[in-house]
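Notes for the structure review
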Amino acid sequence: MAKIHQTIPAKSCSRTDTRPCVSICCHDLRKMIASLAITFFLCLNTFAQEEITPPRKYVAHKTSETITVDGKGEEDSWKKTAWSEDFIDIEGDKTPAYKTNVKMLWDEEYLYFYAEMEEPHVWATLKQRDTVIFYNNDFEIFIDPDGDTHNYMEFEMNALNTIWDLYLVKPYRESAPVIDSWDIQGIKTAVHIDGTLNDPNDTDKGWSVEIAMPWQVLVEAHGSASPNTPENEFWRINFSRVNWDFDLVNDKYQRKKDENGKYLPEYNWVWSPQWVINMHEPEWWGYVYFSGKKPGETEEFRIPEDEKIKWKLYALYRKQKQYFQEKGTWITSIRQLVDKPVVVDGKPVKTALEVHSEGWNITAVSPFTGNLLVMKEDGKFTSKTTNK
(Lines give C-alpha, C1' and ligand atoms only; values in the text may rest on other atoms or scores of the structure.)
Protein backbone atom coordinates (compact mmCIF):
# COMPACT_ATOMS: atom_id res chain seq x y z
CA MET A 1 0.00 0.00 0.00
CA ALA A 2 1.34 3.47 -0.77
CA LYS A 3 1.64 6.21 1.72
CA ILE A 4 -0.17 9.41 0.88
CA HIS A 5 2.50 11.33 2.72
CA GLN A 6 5.15 9.83 0.47
CA THR A 7 3.73 11.00 -2.82
CA ILE A 8 4.49 14.70 -2.28
CA PRO A 9 8.02 15.56 -3.40
CA ALA A 10 7.97 19.29 -2.72
CA LYS A 11 9.25 20.55 0.60
CA SER A 12 6.75 23.39 0.36
CA CYS A 13 3.81 21.01 0.00
CA SER A 14 1.96 20.03 3.16
CA ARG A 15 0.71 16.54 3.81
CA THR A 16 -3.03 15.97 3.77
CA ASP A 17 -4.11 12.94 5.80
CA THR A 18 -7.33 11.85 4.11
CA ARG A 19 -7.61 8.53 5.91
CA PRO A 20 -8.88 9.16 9.44
CA CYS A 21 -9.15 5.47 10.32
CA VAL A 22 -8.04 2.15 8.90
CA SER A 23 -11.57 1.09 7.99
CA ILE A 24 -11.70 3.30 4.89
CA CYS A 25 -12.21 1.37 1.64
CA CYS A 26 -8.80 0.27 0.32
CA HIS A 27 -10.04 0.49 -3.28
CA ASP A 28 -10.94 4.16 -2.89
CA LEU A 29 -7.64 4.86 -1.15
CA ARG A 30 -5.65 3.27 -3.96
CA LYS A 31 -7.48 5.30 -6.60
CA MET A 32 -6.81 8.46 -4.65
CA ILE A 33 -3.14 7.61 -4.10
CA ALA A 34 -2.63 6.74 -7.75
CA SER A 35 -4.07 10.10 -8.80
CA LEU A 36 -1.89 11.96 -6.31
CA ALA A 37 1.19 10.00 -7.29
CA ILE A 38 0.86 10.77 -11.00
CA THR A 39 0.55 14.48 -10.25
CA PHE A 40 3.10 14.96 -7.49
CA PHE A 41 5.71 12.54 -8.79
CA LEU A 42 6.42 15.11 -11.50
CA CYS A 43 6.21 18.14 -9.21
CA LEU A 44 9.75 19.29 -8.41
CA ASN A 45 12.03 16.29 -8.53
CA THR A 46 12.39 15.89 -12.29
CA PHE A 47 15.87 17.31 -12.60
CA ALA A 48 16.90 17.65 -8.96
CA GLN A 49 19.66 15.09 -9.39
CA GLU A 50 21.50 16.20 -12.57
CA GLU A 51 24.71 15.02 -10.95
CA ILE A 52 23.42 11.70 -9.70
CA THR A 53 24.47 10.72 -6.20
CA PRO A 54 24.91 6.94 -6.16
CA PRO A 55 22.53 5.00 -3.91
CA ARG A 56 24.10 3.39 -0.87
CA LYS A 57 25.36 -0.20 -0.95
CA TYR A 58 25.71 -3.02 1.56
CA VAL A 59 27.27 -6.49 1.55
CA ALA A 60 25.11 -9.17 3.21
CA HIS A 61 27.21 -12.16 4.31
CA LYS A 62 26.15 -15.80 4.47
CA THR A 63 25.83 -17.36 7.89
CA SER A 64 25.93 -21.01 8.93
CA GLU A 65 24.82 -20.18 12.45
CA THR A 66 21.25 -20.79 13.59
CA ILE A 67 19.60 -17.39 14.04
CA THR A 68 17.00 -17.13 16.78
CA VAL A 69 14.58 -14.38 15.84
CA ASP A 70 14.06 -12.65 19.18
CA GLY A 71 14.66 -9.00 18.34
CA LYS A 72 18.04 -8.90 20.08
CA GLY A 73 20.63 -9.84 17.43
CA GLU A 74 22.93 -11.50 19.96
CA GLU A 75 24.33 -14.31 17.79
CA ASP A 76 28.02 -14.28 16.92
CA SER A 77 27.11 -13.78 13.23
CA TRP A 78 25.26 -10.57 14.05
CA LYS A 79 28.14 -9.32 16.19
CA LYS A 80 30.57 -9.82 13.29
CA THR A 81 28.25 -8.18 10.77
CA ALA A 82 28.77 -4.54 9.84
CA TRP A 83 26.15 -1.90 10.52
CA SER A 84 24.73 0.17 7.72
CA GLU A 85 25.37 3.89 7.60
CA ASP A 86 23.17 6.00 9.86
CA PHE A 87 19.74 6.58 8.38
CA ILE A 88 19.25 9.99 6.79
CA ASP A 89 16.21 12.13 6.06
CA ILE A 90 14.33 10.81 3.04
CA GLU A 91 15.19 13.96 1.06
CA GLY A 92 18.84 13.52 1.91
CA ASP A 93 19.61 16.89 3.47
CA LYS A 94 18.73 16.60 7.16
CA THR A 95 20.04 14.53 10.07
CA PRO A 96 17.27 12.66 11.93
CA ALA A 97 16.63 13.34 15.59
CA TYR A 98 17.19 9.70 16.50
CA LYS A 99 19.75 7.24 15.17
CA THR A 100 18.78 4.19 13.10
CA ASN A 101 21.00 1.42 11.71
CA VAL A 102 20.39 -1.95 10.09
CA LYS A 103 22.29 -5.20 9.45
CA MET A 104 21.65 -8.05 7.01
CA LEU A 105 22.57 -11.73 6.86
CA TRP A 106 21.38 -14.68 4.81
CA ASP A 107 21.46 -18.46 4.68
CA GLU A 108 19.94 -21.06 2.38
CA GLU A 109 16.46 -20.58 3.85
CA TYR A 110 16.09 -16.97 5.02
CA LEU A 111 17.09 -13.38 4.41
CA TYR A 112 17.64 -11.78 7.81
CA PHE A 113 17.32 -8.17 8.95
CA TYR A 114 18.20 -6.61 12.27
CA ALA A 115 17.64 -2.92 13.05
CA GLU A 116 18.15 -0.74 16.10
CA MET A 117 16.27 2.53 16.56
CA GLU A 118 16.93 5.16 19.18
CA GLU A 119 13.63 6.35 20.64
CA PRO A 120 12.96 8.00 24.03
CA HIS A 121 9.26 7.13 23.87
CA VAL A 122 8.52 3.69 22.43
CA TRP A 123 4.81 3.39 21.71
CA ALA A 124 2.43 1.54 19.42
CA THR A 125 -1.31 0.97 19.22
CA LEU A 126 -2.07 -1.03 16.05
CA LYS A 127 -2.52 -4.77 16.53
CA GLN A 128 -4.25 -6.02 13.36
CA ARG A 129 -2.10 -7.48 10.59
CA ASP A 130 -2.16 -5.57 7.29
CA THR A 131 -3.56 -2.44 8.84
CA VAL A 132 -1.85 0.89 8.04
CA ILE A 133 1.18 0.39 10.24
CA PHE A 134 2.84 3.72 9.42
CA TYR A 135 0.14 5.44 11.46
CA ASN A 136 2.37 4.28 14.31
CA ASN A 137 6.13 4.73 14.49
CA ASP A 138 7.39 1.88 12.33
CA PHE A 139 10.25 0.14 10.51
CA GLU A 140 9.89 -0.66 6.80
CA ILE A 141 11.64 -2.75 4.15
CA PHE A 142 11.27 -2.42 0.37
CA ILE A 143 12.62 -5.16 -1.91
CA ASP A 144 12.96 -5.21 -5.72
CA PRO A 145 14.91 -8.37 -6.59
CA ASP A 146 15.64 -7.70 -10.28
CA GLY A 147 15.83 -3.91 -10.09
CA ASP A 148 13.30 -3.16 -12.83
CA THR A 149 11.17 -0.99 -10.43
CA HIS A 150 8.17 -3.30 -11.00
CA ASN A 151 6.93 -6.29 -9.00
CA TYR A 152 8.35 -5.32 -5.64
CA MET A 153 7.56 -5.99 -2.00
CA GLU A 154 6.87 -3.74 0.96
CA PHE A 155 7.00 -4.73 4.63
CA GLU A 156 6.23 -2.70 7.75
CA MET A 157 6.16 -3.44 11.47
CA ASN A 158 5.60 -1.50 14.69
CA ALA A 159 6.77 -1.93 18.27
CA LEU A 160 3.88 -4.31 18.99
CA ASN A 161 5.28 -6.66 16.33
CA THR A 162 2.26 -6.02 14.13
CA ILE A 163 3.16 -6.41 10.46
CA TRP A 164 1.90 -5.26 7.05
CA ASP A 165 3.19 -6.99 3.93
CA LEU A 166 2.05 -6.21 0.40
CA TYR A 167 3.08 -6.59 -3.22
CA LEU A 168 3.15 -3.85 -5.84
CA VAL A 169 2.96 -4.60 -9.56
CA LYS A 170 4.22 -1.11 -10.43
CA PRO A 171 5.02 2.08 -8.53
CA TYR A 172 1.97 4.22 -7.77
CA ARG A 173 3.02 6.77 -10.39
CA GLU A 174 2.00 4.19 -13.03
CA SER A 175 -1.44 3.31 -11.59
CA ALA A 176 -1.23 -0.45 -11.14
CA PRO A 177 -2.82 -2.98 -8.78
CA VAL A 178 -1.66 -3.32 -5.20
CA ILE A 179 -1.92 -6.86 -3.85
CA ASP A 180 -2.67 -6.16 -0.21
CA SER A 181 -3.69 -9.78 0.46
CA TRP A 182 -0.19 -11.00 -0.45
CA ASP A 183 1.66 -12.36 2.56
CA ILE A 184 5.26 -13.34 3.20
CA GLN A 185 4.31 -16.82 4.33
CA GLY A 186 6.60 -18.28 6.96
CA ILE A 187 8.05 -14.92 7.98
CA LYS A 188 9.50 -14.63 11.48
CA THR A 189 9.54 -11.29 13.30
CA ALA A 190 10.36 -10.09 16.81
CA VAL A 191 10.70 -6.83 18.71
CA HIS A 192 12.87 -6.01 21.70
CA ILE A 193 12.12 -2.89 23.76
CA ASP A 194 15.02 -1.22 25.56
CA GLY A 195 12.70 0.46 28.02
CA THR A 196 8.96 0.09 28.52
CA LEU A 197 6.32 0.06 25.79
CA ASN A 198 3.51 2.65 25.98
CA ASP A 199 4.69 4.06 29.31
CA PRO A 200 4.98 7.87 29.24
CA ASN A 201 6.36 8.00 32.75
CA ASP A 202 9.90 7.01 31.83
CA THR A 203 12.48 7.61 29.11
CA ASP A 204 13.34 4.67 26.87
CA LYS A 205 16.56 4.00 24.96
CA GLY A 206 14.87 2.56 21.90
CA TRP A 207 13.67 -0.59 20.21
CA SER A 208 15.07 -3.21 17.88
CA VAL A 209 13.51 -5.54 15.32
CA GLU A 210 14.65 -8.85 13.87
CA ILE A 211 13.13 -10.38 10.76
CA ALA A 212 13.63 -13.61 8.80
CA MET A 213 12.04 -13.68 5.33
CA PRO A 214 11.94 -17.04 3.50
CA TRP A 215 13.67 -17.03 0.11
CA GLN A 216 10.91 -19.30 -1.20
CA VAL A 217 8.47 -16.39 -1.00
CA LEU A 218 10.85 -13.61 -2.03
CA VAL A 219 11.84 -15.21 -5.33
CA GLU A 220 8.28 -16.04 -6.47
CA ALA A 221 7.93 -13.01 -8.74
CA HIS A 222 11.44 -11.77 -9.32
CA GLY A 223 11.56 -11.37 -13.10
CA SER A 224 15.11 -11.94 -14.27
CA ALA A 225 16.61 -12.40 -10.81
CA SER A 226 17.88 -15.83 -9.79
CA PRO A 227 15.14 -18.34 -8.82
CA ASN A 228 17.42 -19.53 -6.01
CA THR A 229 19.29 -17.76 -3.26
CA PRO A 230 21.06 -14.83 -4.97
CA GLU A 231 24.64 -15.62 -4.01
CA ASN A 232 27.09 -13.27 -5.80
CA GLU A 233 24.17 -11.17 -7.04
CA PHE A 234 22.66 -7.89 -5.88
CA TRP A 235 19.09 -6.81 -5.19
CA ARG A 236 17.65 -3.31 -4.82
CA ILE A 237 16.51 -2.79 -1.22
CA ASN A 238 15.72 0.18 0.94
CA PHE A 239 14.66 0.79 4.52
CA SER A 240 12.44 3.46 5.99
CA ARG A 241 11.58 4.53 9.50
CA VAL A 242 8.45 6.62 10.09
CA ASN A 243 8.40 8.66 13.29
CA TRP A 244 5.63 10.92 14.63
CA ASP A 245 5.42 13.76 17.09
CA PHE A 246 2.95 12.70 19.75
CA ASP A 247 0.50 13.94 22.36
CA LEU A 248 -0.67 12.21 25.50
CA VAL A 249 -4.43 11.85 25.88
CA ASN A 250 -5.54 10.21 29.11
CA ASP A 251 -1.94 9.11 29.57
CA LYS A 252 -1.96 7.33 26.20
CA TYR A 253 0.15 8.12 23.13
CA GLN A 254 -1.37 9.38 19.91
CA ARG A 255 -0.16 11.26 16.84
CA LYS A 256 0.07 14.97 17.46
CA LYS A 257 -2.40 17.37 15.82
CA ASP A 258 -2.14 21.06 14.98
CA GLU A 259 -4.49 23.78 16.16
CA ASN A 260 -6.93 22.86 13.39
CA GLY A 261 -7.14 19.24 14.44
CA LYS A 262 -5.02 17.87 11.57
CA TYR A 263 -2.21 15.44 12.18
CA LEU A 264 1.24 16.95 11.97
CA PRO A 265 3.42 15.50 9.19
CA GLU A 266 5.60 12.56 10.12
CA TYR A 267 9.35 12.21 9.81
CA ASN A 268 10.69 9.86 7.15
CA TRP A 269 14.18 8.50 7.79
CA VAL A 270 15.78 6.10 5.32
CA TRP A 271 18.94 4.15 4.63
CA SER A 272 19.50 5.27 1.02
CA PRO A 273 18.06 8.75 0.34
CA GLN A 274 15.15 9.07 -2.08
CA TRP A 275 15.66 12.83 -2.70
CA VAL A 276 11.87 13.18 -2.55
CA ILE A 277 9.22 12.27 0.04
CA ASN A 278 8.27 9.09 -1.77
CA MET A 279 9.54 5.59 -1.03
CA HIS A 280 7.88 4.34 -4.20
CA GLU A 281 10.62 5.41 -6.59
CA PRO A 282 12.60 2.14 -6.54
CA GLU A 283 15.31 3.50 -8.82
CA TRP A 284 16.74 5.30 -5.78
CA TRP A 285 16.87 2.26 -3.49
CA GLY A 286 20.19 0.91 -2.26
CA TYR A 287 22.21 -2.04 -3.55
CA VAL A 288 22.54 -5.17 -1.42
CA TYR A 289 25.13 -7.70 -2.58
CA PHE A 290 24.82 -11.26 -1.30
CA SER A 291 28.28 -12.58 -0.52
CA GLY A 292 29.03 -16.24 0.06
CA LYS A 293 31.73 -15.26 2.56
CA LYS A 294 31.27 -15.59 6.31
CA PRO A 295 30.31 -12.62 8.50
CA GLY A 296 33.38 -10.54 9.27
CA GLU A 297 35.28 -11.58 6.14
CA THR A 298 36.22 -8.91 3.62
CA GLU A 299 34.12 -8.59 0.49
CA GLU A 300 34.16 -5.69 -1.95
CA PHE A 301 31.18 -4.81 -4.11
CA ARG A 302 31.24 -2.22 -6.88
CA ILE A 303 28.04 -1.00 -8.50
CA PRO A 304 28.17 -2.10 -12.17
CA GLU A 305 28.55 0.56 -14.85
CA ASP A 306 25.29 -0.52 -16.50
CA GLU A 307 23.47 0.51 -13.33
CA LYS A 308 24.89 4.00 -13.75
CA ILE A 309 23.48 4.07 -17.27
CA LYS A 310 20.14 3.02 -15.82
CA TRP A 311 20.19 6.07 -13.51
CA LYS A 312 20.59 8.27 -16.60
CA LEU A 313 17.69 6.52 -18.34
CA TYR A 314 15.42 7.19 -15.38
CA ALA A 315 16.28 10.87 -15.61
CA LEU A 316 15.13 10.77 -19.25
CA TYR A 317 12.00 8.87 -18.22
CA ARG A 318 11.13 11.65 -15.78
CA LYS A 319 11.80 14.25 -18.47
CA GLN A 320 9.39 12.49 -20.85
CA LYS A 321 6.69 12.32 -18.17
CA GLN A 322 7.16 15.99 -17.31
CA TYR A 323 6.90 17.00 -20.96
CA PHE A 324 3.70 14.99 -21.43
CA GLN A 325 2.15 16.57 -18.36
CA GLU A 326 2.89 20.05 -19.70
CA LYS A 327 2.29 19.53 -23.44
CA GLY A 328 -0.09 16.57 -23.64
CA THR A 329 2.22 14.77 -26.07
CA TRP A 330 5.50 12.89 -25.97
CA ILE A 331 8.92 14.08 -27.05
CA THR A 332 9.56 12.26 -30.35
CA SER A 333 13.17 13.21 -31.07
CA ILE A 334 16.16 11.83 -29.21
CA ARG A 335 17.92 15.15 -29.84
CA GLN A 336 15.16 16.96 -27.97
CA LEU A 337 15.07 14.40 -25.17
CA VAL A 338 18.85 14.21 -24.70
CA ASP A 339 20.10 17.79 -24.69
CA LYS A 340 23.69 16.83 -23.95
CA PRO A 341 25.68 13.63 -24.56
CA VAL A 342 25.16 10.81 -22.07
CA VAL A 343 28.54 9.95 -20.58
CA VAL A 344 29.19 7.35 -17.86
CA ASP A 345 32.61 6.91 -16.32
CA GLY A 346 34.16 8.83 -19.19
CA LYS A 347 32.54 6.73 -21.92
CA PRO A 348 29.81 8.03 -24.27
CA VAL A 349 26.57 6.05 -24.27
CA LYS A 350 24.60 5.70 -27.48
CA THR A 351 20.88 6.33 -26.90
CA ALA A 352 17.78 6.13 -29.07
CA LEU A 353 14.08 6.97 -28.74
CA GLU A 354 11.23 5.06 -30.35
CA VAL A 355 7.68 6.41 -30.07
CA HIS A 356 4.96 3.93 -31.03
CA SER A 357 1.21 3.49 -30.77
CA GLU A 358 1.34 2.17 -27.19
CA GLY A 359 3.97 4.52 -25.80
CA TRP A 360 7.71 4.75 -26.23
CA ASN A 361 11.05 3.12 -25.51
CA ILE A 362 14.37 4.72 -24.65
CA THR A 363 17.30 2.45 -25.42
CA ALA A 364 20.99 2.63 -24.68
CA VAL A 365 23.86 0.43 -25.75
CA SER A 366 26.28 -0.14 -22.90
CA PRO A 367 29.90 0.59 -23.86
CA PHE A 368 30.90 -1.63 -20.92
CA THR A 369 28.95 -4.86 -21.57
CA GLY A 370 27.44 -4.37 -25.01
CA ASN A 371 24.00 -5.01 -23.50
CA LEU A 372 20.91 -3.23 -24.82
CA LEU A 373 19.28 -1.33 -21.96
CA VAL A 374 15.59 -0.53 -22.46
CA MET A 375 13.35 1.90 -20.58
CA LYS A 376 9.61 1.65 -21.32
CA GLU A 377 7.00 4.37 -20.95
CA ASP A 378 5.78 2.79 -17.69
CA GLY A 379 9.28 2.91 -16.20
CA LYS A 380 10.02 -0.80 -16.51
CA PHE A 381 13.69 -1.44 -17.16
CA THR A 382 15.19 -4.44 -18.93
CA SER A 383 18.67 -5.44 -20.00
CA LYS A 384 19.12 -7.61 -23.08
CA THR A 385 22.32 -9.41 -23.97
CA THR A 386 23.53 -8.67 -27.48
CA ASN A 387 26.55 -9.57 -29.54
CA LYS A 388 29.13 -6.78 -29.46
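A quick note: this is a predicted structure, and the numbers were derived from the prediction, not measured.

Section: the nonpolar core
With 39 residues, the main nonpolar core has Phe139, Ile141, Ile211, Met213 and Phe239 as its most contacted residues. Apart from residues lying up to four places away in sequence, Phe139 is in contact with Phe87, Val102, Ala115, Met117, Phe155, Glu156, Met157, Trp207, Val209, Ile211, Phe239 and Ser240. Among the nonpolar cores identified, the runner-up in size contains 22 residues, and Trp123, Phe134, Val242 and Tyr253 belong to it.

Concerning the sheet that holds strand 21 (residues 381-384)
Spatially, four strands are ordered 18-19-20-21 in an open sheet, and the strand pairing comes out antiparallel. A strand with exactly one partner marks an edge of an open sheet, and here the two such strands are strand 18 (350-356) and strand 21. With strand direction ignored, the average angle separating the axes of adjacent strands in the sheet is 20 degrees. Direction of pairing for strand 20 (residues 372-376) relative to strand 21: antiparallel, over a ladder of four bridges. By the bridge assignment for strand 21, Leu372 is matched with Lys384.

Some details on the side chain of Thr81
Relative to the helices and strands, Thr81 resides in the loop between helix 2 (76-80) and strand 2 (88-89). Polar contacts involving the side chain of Thr81 include one to the main-chain carbonyl oxygen of Ser77, which spans 2.6 Å. Once residues lying within four places of it in the same chain are set aside, the contact partners of Thr81 are Tyr58, Lys103, Met104, Leu105 and Pro295.

A few points about the pattern of salt bridges
Scanning the model with the defined rule gives 16 salt bridges in all. Among the salt bridges present, the one from Arg129 reaches Asp183, with a minimum N-O distance of 3.5 Å. Residue Arg129 is located in the loop between strand 4 (110-118) and strand 5 (138-144), and its partner Asp183 is located in the loop between strand 8 (178-179) and strand 9 (188-194); the two are separated by 54 residues in the primary sequence. What makes Asp183 partly exposed here is its relative accessible area of 28%. Here Arg236 makes a salt bridge to Glu307, at a shortest N to O gap of 3.6 Å. Of the two residues, Arg236 is situated in strand 11 (residues 234-243) and Glu307 in helix 4 (residues 305-327); the sequence distance between them amounts to 71 residues. Each member of the pair Arg236 and Glu307 is classed as buried. Each of Arg129, Asp165 and Asp183 takes part in salt bridges that share partners, so that together they form one network.

As for the packing of aromatic side chains
How two aromatic rings sit relative to each other is set out by the distance from centre to centre and by the angle between their planes. According to the stated counting rule, one finds 28 aromatic pairs in the structure shown. Here Trp106 and Phe290 contribute two aromatic rings whose centre-to-centre distance is 6.4 Å and whose plane-to-plane angle is 85 degrees, an arrangement assigned as edge-to-face. Remark: Phe290 occurs in strand 15 (residues 286-290) and Trp106 occurs in strand 3 (residues 100-106); sequence separation between them is 184 residues. One exposure class covers both Trp106 and Phe290, and it is buried. Each member of the aromatic cluster is reached from another via a ring pair, and the members are Phe234, Tyr287, Tyr289, Phe301 and Trp311. The ring of Tyr287 is capped by Arg236, whose NZ or CZ atom sits 3.8 Å from the centre of that ring.

A look at the environment of Thr385
As for its placement among the helices and strands, Thr385 is situated in the segment after strand 21. Taking relative accessible area as the criterion, Thr385 reaches 71% and is therefore assigned exposed. On a C-alpha basis, the gap between Thr385 and Asn371 in space is 4.7 Å, while along the polypeptide they are 14 residues apart.

Remarks on unusual backbone geometry
In this model, Asp251 sits at a positive phi of 65 degrees, which is unusual for a non-glycine residue. As for its position among the elements, Asp251 is in the loop between strand 12 (246-249) and strand 13 (252-255). Positive phi is not limited to glycine here, since Asp345 has a value of about 50 degrees. Mapped onto the secondary structure, Asp345 falls in the loop between strand 16 (343-344) and strand 17 (347-348). The class for Asp345 is partly exposed, based on a relative accessible area of 47%.

The rules behind each value
- Residues numbered from 1 in each chain as written.
- Predicted model: local features only at pLDDT ≥ 70, side-chain atom pairs only at ≥ 80, totals over all residues.
- Heavy atoms only, no water.
- Core = buried A, V, L, I, M, F, W, Y, C linked by side-chain atoms within 4.5 Å.
- Buried < 20%, exposed > 50% of the residue type's maximum accessible area, 1.4 Å probe, protein only.
- Contact = heavy atoms within 4.5 Å.
- Pairing = 2+ DSSP bridges.
- Helix = DSSP H or I, 4+ residues; strand = E, 2+ residues; numbered from the N terminus.
- Axes fitted to C-alpha atoms, helices over the stretch in contact; angles between N-to-C directions.
- Polar contact = N/O pair within 3.5 Å; in protein donor to acceptor, adjacent residues only side chain to side chain.
- Salt bridge = Lys/Arg side-chain N within 4 Å of Asp/Glu carboxyl O.
- Phe/Tyr/Trp six-rings, centres within 6.5 Å; stacked < 30°, edge-to-face > 60°.
- Lys NZ or Arg CZ within 6 Å of the ring centre and 35° of its normal.

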